[in-house]
Amino acid sequence: MLRYLEISVYIEQFEVDEELFENALKKFLILPPIFLTDLQTLIVVLKLLHFALTKRVLINKLNWVAEILTKSESMHHNLADDFKKDEKSKQLCNQFCIELYEVYWLCIKNYSHFSTLNLTKLLFDRLASTKKEIVLLQINMKCLTLLTENPKNIDKDFVKIYLSQFISLKTILMNNLNEKSLQRSYLIVLNHILHHTILVPNISEVWCMYDWETWTWSMIHSTDVLVRALVFQFSAGLAVIDIPVSHNLIHLALNYFCESSCLENCVVAEQAALFCSNLFCFPKFKSLCHQCIIKLDFDAFVQIINLCSYYDYTKPEKKHFMTSPKLVSNICCMFFNMFTLTEVNLYELDQHSQFVQALFMCLKKYSTPMSIENPNIMEMCGRICSILTLFIPVSNYNFENLLNSLNVIYERININLDYCTTMVWRSLFRLTTIVIQYTNYKTFVITNNLITALITSVTSKNKDLCIEALNVVSLVCPQLSKKFAHRVCNILIHTLLLEWHHKLKRKMLLIALSNIFIEHPITYETAKHDNDILHFIISKLKIMQLQVTKQSNQKSKILQSEYLEIVKFCCNLFHGCNDAREDASAELPDLVHKLWPIVVANPKSDILMCTLQMLVSLTSACPSACSAMTMTSSTLGMEPKTKCTSFSLFHESKLLSIIVLALNLKDKKCPIKIEQQYLKFLLVFTSYNEGQIHLLKVENVLDTLVDLLKSNYVNDSLAILRNLCFNGQNRAVILSSDVFLDGIKTLLETGNPTNQSYKDISLAIWSIACNNQKARLQLCHWGIDRYFEKSSDLVICSDETKSIMNCTYKVLKS
């Protein structure tokens, strides 16, 4: 049969009766051997299956082998109890186990359903009984290396048991230093267990039960390159969960990079760099990092990176190089952590080495569609982008066209967001953000692939990737085409509706949307039609208003942060979208009044400042919004009124009274920035009839505004007084105010009026005196007219202002 199978390798169409073949061999695997001859036959059958699986003969016809072996696991592992009675029996049992494990190994490789958690546990349990038989131990470990590659085969609850079974083999390993394959398998399995359990809570409590410091230091002196690399890889994993590692090992790892002539084998250097990278994430190594970083030979790193740029790693032929994309990746990762931890002077470092230039050239070399198909090269590009984000603010290197050349990375938009792609995109998004911020980049090309990558990232479950993508969206809004702006806007709104409860995402989504609406106001209409974003935002304010009335002060503070985000967004939305102001007029003013007690509770808070900014944006060039400010309901939960009444919440919350009181020069408790916003709001509010009428009803308003004519707010105050004069209903009150008339006269006499001051005063006086004889007489009685008599002599005034002053004088003298 063996010869028959050997020959079949050379036959193109190899036919066999599957059922006959299966039935002929299956019974040997199912039925337990009774005599030694049965056991010998079973060994021959296993050798036959081993040969077939090794040569991949009938590989599709042997699925049943894995299934039968799975069902016979228990029986096969109990054979030793029946046969180990004499030396020959022991030898046959040992040979049987070796052949069985060889077939196991081939089944694990060829049949995914054979790889199970139960098999993993079984082989771990058998370690103790096989450790005296090196060959059997080797093949057992070889099976475990394949099994533990898959996290589903590692029971996180059994890690402690796995390790206890595994640790007992450390002595054997040290006594058999020539068994390099055994050492490799041992370290590979350790690395797999650590890697797949590294995020398990409190897992460090299990790993710290053993003395890894001494053991790793002894193993690092192995003559086998791969063993040394695996020791560093294992130590890198221990560092992540903060398990103590040998300081000698740290110095040894860094010594590889202290002189270019001492560069270690590439495979070892890759893992040594990864080990150092993981260590220097921890502040406790800051002092050590400071000591080490000054010893590093940056020329060695430049050489490594330049060699990586020189060789072509996209070609399939395998060569042994001094460097690799993986090594460059790990070096970049190590430096990123070291620079961040020590806060090293990057400007000085950039001046004295070619490090940045080497990174830049390497990145440019591999920014091609063919190159980035290689995962190691893709990862390297991402790590280089990360380290460059640190240098861009301090480097004199010209980064022109860098971003455009990296757009090729986004061509892989149809793949799943695996770990590598997520890392690379995050790094590239971050690099894009930094380059645009620090270089005022105006020639960045927005491609369809980039937009797709940004949208994919924004809608992904990875919060960090989403945030980095939103930063880019916020910055590139001015460069977006109309088509891209609509596309991005719709996705941002859709994501916001779904992810409102995620605080950081919500904040960044609102910022990005704000920038979209500011740069592309036309998108509001589409957004309103597809997803009524304003209605959604106002509904959140309504919920908030009801919650605030029922919650404690502490919970109210939590709500305030959400309120602040909403208000900032609305401020930006209203700034560029007149339709949005109109749409908001129906309900938003009423909600602001109902929240006003909380808004003014802390005059120095951002909440008051931003609310005032929003009110200015809302009422600017929008009479309906201004009118709505005076038509609020006096009862919480009630809808706005259709007309203003003396019982409206507008009066009860005394919004205008609070503002006027805060502007009193005698009371300097109000911060300057709040005073400025109060005046901006009053200026906009008094641009319309409702504002002009209602502001003048506030007690001492004219006294306060006239007092401000003596302050730095003279221009704002005078503009508000001018607006009040525009309304004929205010004429009687204004003319009866000696404070107002005396204030205007004083300003004209001693206030050194500017061109704008003359213009505003002229318009105010003209409005009061026009078509009103009584007003003209009273103004002339105060001698106001004489200040307009020789307006043509005022050098400070423009021709327009002189013309207005001349018209005012004619009205006064008519």
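Residues numbered from 1 in each chain as written. Predicted model: local features only at pLDDT ≥ 70, side-chain atom pairs only at ≥ 80, totals over all residues. Heavy atoms only, no water.

As for the packing of helix H20 (residues 298–310) against helix H21 (residues 325–342)
In plain terms, the rule: To obtain an axis, a line is fitted to C-alpha atoms, over the contacting stretch when the element is a helix, and the angle between two such axes runs from 0 to 180 degrees between their N-to-C directions. Numbered from the N terminus, helices here are DSSP runs of H or I no shorter than four residues, and strands are runs of E no shorter than two. Two helices crossing with the near one rotated counterclockwise from the far one by less than a right angle form a left-handed crossing, whereas a clockwise rotation gives a right-handed crossing. Two residues qualify as a contact provided that any one of their heavy atoms is within 4.5 Å of a heavy atom in the partner residue.
Between H20 and H21, the shortest axis-to-axis distance is 9 Å and the interhelical angle comes to 145°. Judged by the twist between their axes, the crossing of H20 over H21 is left-handed. Note on element contacts: H21 touches H20 through Pro325, Leu327, Val328, Ile331, Met334, Phe335 and Phe339, opposite Phe298, Phe301, Ile304, Ile305 and Cys308.

Considering the nonpolar core
What counts here: Among buried residues, the Ala, Val, Leu, Ile, Met, Phe, Trp, Tyr and Cys ones that are joined through side-chain atoms within 4.5 Å form a nonpolar core. Each residue's exposure class comes from its accessible area (1.4 Å probe, protein chains only) as a fraction of the maximum for that residue type: buried when under 20%, exposed when over 50%, partly exposed otherwise.
Core analysis: the largest hydrophobic core is formed by 286 residues, its most contacted members being Trp207, Phe335 and Phe517. Sort the elements by how many residues they give to this core and helix H7 (residues 87–110) lands first, with 13 residues.

A few points about unusual backbone geometry
Phi at Asn202 takes a positive value of approximately 60°, unusual for a residue other than glycine. Inspection of the secondary structure puts Asn202 in the loop between helix H13 (180–197) and helix H14 (204–207). With a phi close to 65°, Asn700 is a non-glycine residue in the positive phi region. By the element assignment, Asn700 lies in the loop between helix H41 (689–696) and helix H42 (701–707).

Comments concerning helix H43 (residues 714–726)
Put simply, the test is: Expected helix span is given by 1.5 Å per residue-to-residue step, counting one fewer step than there are residues.
For H43, which comprises 13 residues, the first-to-last C-alpha distance of 18 Å matches the rise-based estimate of 18 Å (1.5 Å per residue) to within 8%. Summarising burial for H43: 10 of the 13 residues are buried, a large majority. Those residues of H43 lying buried are Val714, Ser717, Leu718, Ala719, Ile720, Leu721, Arg722, Asn723, Leu724 and Cys725. The inward-facing, buried residues of H43 abut helix H40 (672–685), H41, H42, helix H44 (731–735), helix H45 (738–750) and helix H46 (755–769).

Points about the environment of Thr422
Mapped onto the elements, Thr422 comes out in helix H26 (residues 419–439). For Thr422, a relative accessible area of 10% corresponds to the buried category. Taking the C-alpha atoms as reference points, Thr422 and Asp464, 42 residues apart in sequence, are found 9.3 Å from one another. Among residues more than four places away in sequence, those in contact with Thr422 are Leu417, Asn462 and Leu465.

Thoughts on the environment of Cys276
Topologically, Cys276 is positioned in helix H18 (residues 266–279). Remark: the alpha-carbon pair of Cys276 and Asn330, spanning 54 residues in sequence, is separated by 9.1 Å. Excluding anything up to four places from it in sequence, Cys276 contacts Ala253, Leu254 and Met334.

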